[in-house]
Amino acid sequence: MLVYGAIIPHPPFVLERVGKEHAAQLTATRAAMESVGEDLLSLHVDTVVLITAHGERYKEALGIAFHDPYEADLKAFGDMGTIVEAQPDMLFIDRLQRVMRKDGLRATMTTNDTLDHGAAIPLTVFEPYMQNMKIVV
């Protein structure tokens with residue numbers, strides 16, 4: 001059951017360690033993201049589904065990231081120290097792709113080593129709030 005939804009901005013400079021020079025202009029955005037994080041924490045959800053238009057995309061199929069653990073970094077944006085790991089919800093992923101195929105919809109599993117910035121930024125921001133939550137990207 002879906003219990004919460006949010007559209008999250010994900011430019012790399014929203015992270016202070018990447019966009020230090022933009023910190024003053026992004027105070028409201030960061031506060032809103034913290035509010036979403038607090039909502040996630042208070043809801044005690046089991047699984048967070050993160051949908052991104054970046055990374056592996058397929059014209060005729062839904063791409064589902066399938067590797068354990070998910071890993072994301074920000075090296076492409078000059079942040080060599082940030083590495084985020086998240087645990088995938090393998091059971092949810094399996095059920096999702098089976099239901100889609102049964103209904104005639106196409107799904108494909110991607111096994112890239114790291115997630116793109118569309119997933120990396122939200123995972124980095126929400127890492128402190130997603131205690132014991134599994135992820136589907």
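Reading the values: the criteria
- Residues numbered from 1 in each chain as written.
- Predicted model: local features only at pLDDT ≥ 70, side-chain atom pairs only at ≥ 80, totals over all residues.
- Heavy atoms only, no water.
- Helix = DSSP H or I, 4+ residues; strand = E, 2+ residues; numbered from the N terminus.
- Rg over C-alpha atoms; globule rule 2.2 N^0.38 Å.
- Buried < 20%, exposed > 50% of the residue type's maximum accessible area, 1.4 Å probe, protein only.
- Areas by Shrake-Rupley, 256 points an atom, 1.4 Å probe, with all protein chains shown as cover.
- Lys, Arg positive; Asp, Glu negative; His and termini not counted.
- Charge placed at Lys NZ, Arg CZ, Asp CG, Glu CD.
- Pairing = 2+ DSSP bridges.

> I'd like to hear about the overall build of the protein, residue by residue, with values.
Within the protein one finds three helices and six strands. N-terminal to C-terminal, the α/β element order of the protein is α-β-β-β-β-α-β-α-β. Its C-alpha radius of gyration of 15 Å places the protein within 12% of the 14 Å reference for a compact globule of 137 residues. Referenced to the eigenvectors of the C-alpha coordinate spread, the extents of the protein come out at roughly 50 × 30 × 25 Å. Buried residues in the protein amount to 36% of all 137 residues. Only carbon and sulfur atoms are counted for the fraction: they give 54% of the accessible area of the protein, which is about 8,600 Å². Taking the 12 positively charged and 19 negatively charged side chains of the protein as two groups, their mean positions are separated by 8 Å.

> Summarise the pairing of strand E4 (residues 79-86); cite the residues concerned and give the values.
Sheet faces and side chains relate simply in a regular strand, where the side chains alternate between the two faces. Relative to E4, strand E3 (residues 70-74) is paired through five bridges, and the arrangement is antiparallel. Paired with Asp73 across the strands is Ile83, a residue of E4. Once E3 ends, the chain turns through four residues before running back antiparallel as E4, passing Gly78 with a positive phi of about 90 degrees.

Distances and angles like these do not, on their own, reveal function.
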